[in-house]
Amino acid sequence: MAKRSKAYKAALEKIGEDAVYSPAEAVALAKETNPSKTDATVEVALRLSVDPRKADQMVRGTVNLPHGTGKTARVVVFTQGDNVAKAEEAGADFVGGDELIAKVADGWTDFDAAVASPDMMGKVGRLGKVLGPRNLMPNPKTGTVTPDVAKAVGDIKGGKIDFRVDKHSNLHFIVGKTSFEPQQLAENYAAALDEILRLKPSASKGRYIQRATVSTTFGPGIAVDPNVTKVISE
């Protein structure tokens, strides 16, 4: 086990050993206990009562965070024709067709999100082994396979995040940076949670959100009350 820094240990001391916090309290405490001097990412981890091995219990979706993510996503767009200029004008970082697909097929994944126009998916589909494990594969359900590539790029650049439950029934997403105000982080958390609750599979039994934790990139986890599904402004 790696040694924990003094800053991490000091942060841990500020968190109650068995305490469970409201979402607003948790994000404020995450800011306060950030052991890094950098503007760290604030992350949320949920444990859901679903079996992701079953298609009718897969939880996957997107949400536009009201205050953005605090980072500028690098977006690649697989398209051709008039859509190339539209994607570039919308702020896409990398745009192309066959050559870009070949580059990714060789293992290049230096981007945060991928968009594709429908006419390219016959070729982009071959990138499943590269993009799939990194949750980067364009998908109509997340709005990343669309004829309106400019809108998709704008949404992603504006703070749209996507999430997907993993094979262990855990779901992770970010709600901003430690430079955000606590209320901004709390409102981003609420927006994401609303969408995750909306996507609850009918086959899910018992309490849907079993555990919830907020943390910064290098900070300790802070337990959030999973029964609190709304964030009240303070």
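Remember, it's a predicted structure, so these values are computed and weren't measured experimentally.

Asker: For this particular structure, what's the right way to read the packing of aromatic side chains?
Answerer: Two descriptors summarise a pair of aromatic rings, namely the distance from one centre to the other and the angle between the planes of the rings. One pass over the structure, following the stated rule, counts 2 aromatic pairs. Considering the side-chain rings of F94 and W108, the 4.9 Å spacing of their centres and the 85 degrees angle between planes classify their relative orientation as edge-to-face. Residue F94 is located in strand 4 (residues 94–96), and its partner W108 is located in the loop between helix 4 (98–105) and strand 5 (113–116); the two are separated by 14 residues in the primary sequence. F94 gets classed as partly exposed once you look at its relative accessible area, which sits at 28%. Classification of W108 as buried rests on a relative accessible area of 18%. For the pair W108 and F111, a centre-to-centre distance of 5.1 Å together with 50 degrees between the ring planes defines the contact as tilted. The exposure class of F111 is buried, given its relative accessible area of 4%. K103 extends its terminal NZ or CZ atom over the ring of W108, reaching a point 4.2 Å from the ring centre.

Asker: Help me out: how do you make sense of helix 7 (residues 149–157) in this one?
Answerer: For an α-helix the count is 3.6 residues per turn, leaving residues at separations of three or four pointing the same way. All buried positions along helix 7 are accounted for by V149, A152, V153 and I156. Axial view of helix 7: buried residues confined to an arc of 100 degrees, hence all on one face. Of the surrounding elements, those touching the buried residues of helix 7 are strand 3 (75–78), helix 3 (82–89), strand 5 and strand 6 (160–164). G159 sits one or two residues past helix 7 and shows a positive phi near 120 degrees.

Asker: Would you mind showing me how to read the pattern of salt bridges here?
Answerer: Side-chain pairing between opposite charges can occur once the charged atoms of the two side chains come close. All chains considered together, the criterion is met by 8 salt bridges. For K151, the salt bridge identified is with D155, shortest N-O distance 2.9 Å. In this pair, K151 and D155 are both assigned in helix 7, 4 residues apart and thus about one turn of the helix distant. Relative accessible area serves as the criterion here: at 49%, K151 is assigned to the partly exposed category. For D155, a relative accessible area of 21% translates into the label partly exposed. The partner of E195 in a salt bridge is R198, and the shortest N-O contact between them spans 2.8 Å. Taken as a pair, E195 and R198 lie in helix 8 (residues 182–198) at a separation of 3 residues, close to a single helical turn. For E195, a relative accessible area of 18% gives the class buried. Linked by salt bridges that have partners in common, K71, R74, D110 and D112 make up one network.

Asker: What am I meant to see in the sheet that holds strand 7 (residues 170–177) here?
Answerer: Each strand in a sheet pairs with another by means of backbone hydrogen bonds, the pair being arranged parallel or else antiparallel. The antiparallel open sheet is built from 4 strands, whose spatial order is 7-1-8-9. The open sheet has two edge strands with one neighbour each: strand 7 and strand 9 (222–224). Taking each pair of neighbouring strands and ignoring which way they run, the sheet shows an average axis angle of 25 degrees. Pairing of strand 1 (residues 41–48) with strand 8 (residues 209–216) involves 7 bridges; the strand directions are antiparallel. Bridging from a neighbouring strand, A45 pairs with T213 of strand 8.

Asker: Can you help me understand the nonpolar core in this one?
Answerer: Ranked by internal contacts, the top residues of the largest apolar core, which has 34 residues, are L46, L48, V59, L171, F173 and V214. For this core, the secondary-structure elements that each account for two or more residues are helix 2 (23–32), strand 1, strand 6, strand 7, helix 8, strand 8 and strand 9. With 7 residues, helix 8 is the largest single contributor of residues to this core. With near-sequence residues (within four places) excluded, V214 lies in contact with A26, V27, A30, V42, E43, V44, P220, G221, I222 and V224. Grouped together as the second largest cluster of nonpolar side chains are 16 residues, A114, A116, M120 and L136 included.

Asker: Explain the environment of K157 to me, please; I cannot follow it from the model alone.
Answerer: Examined against the element boundaries, K157 turns out to sit in helix 7. Sequence separation between K157 and A90 is 67 residues; the distance between their C-alpha atoms is 9.0 Å. If near-sequence neighbours (up to four positions away) are discounted, K157 is found in contact with T72, A73, R74, V75, G91 and D93. Within polar-contact distance, the side chain of K157 engages the backbone oxygen of A73 at 2.8 Å.

How each quantity is defined
- Every chain's residues receive numbers from 1 upward, in the order its sequence appears when written.
- In keeping with the predicted nature of the model, local features appear solely for residues at pLDDT of at least 70, side-chain atom pairs appear and are counted solely at 80 or more, and the whole-chain, interface and lining totals rest on all residues.
- Note that the side-chain values use all heavy atoms of the structure and ignore hydrogens as well as water.
- Classification of ring pairs rests on two measures: the distance between centres of Phe, Tyr or Trp rings, Trp counted by its six-membered ring, which must be within 6.5 Å, and the angle between planes, read as stacked under 30 degrees, edge-to-face over 60 and tilted in between.
- Strands are runs of DSSP state E lasting at least two residues, helices are runs of H or I lasting at least four, and both sets are numbered from the N terminus onward.
- Three exposure classes are used, based on accessible area relative to the maximum for each residue type with a 1.4 Å probe and protein chains only: buried under 20%, partly exposed in between, and exposed over 50%.
- In this scheme, Lys NZ or Arg CZ marks a charge over a ring once it lies within 6 Å of the ring centre and within 35 degrees of the ring normal.
- This arc is taken over the directions from the axis of the helix to the C-beta atoms.
- Here a residue-residue contact requires only that any non-hydrogen atoms of the pair lie within 4.5 Å.
- Salt bridges are defined by distance alone: a side-chain nitrogen of Lys or Arg within 4 Å of a carboxyl oxygen of Asp or Glu.
- Paired strands, as defined in this entry, are two strands with at least two bridges between them according to DSSP.
- Only the stretch in contact is used when fitting a helix axis, every axis being a line fitted to C-alpha atoms; angles between N-to-C directions are given from 0 to 180 degrees.
- Residues belong to one nonpolar core when they are buried, are Ala, Val, Leu, Ile, Met, Phe, Trp, Tyr or Cys, and are joined through side-chain atoms within 4.5 Å.
- N or O atoms closer than or at 3.5 Å make up a polar contact, with two conditions inside protein: a donor-capable atom paired with an acceptor-capable one, and, for residues adjacent in sequence, both atoms drawn from side chains.

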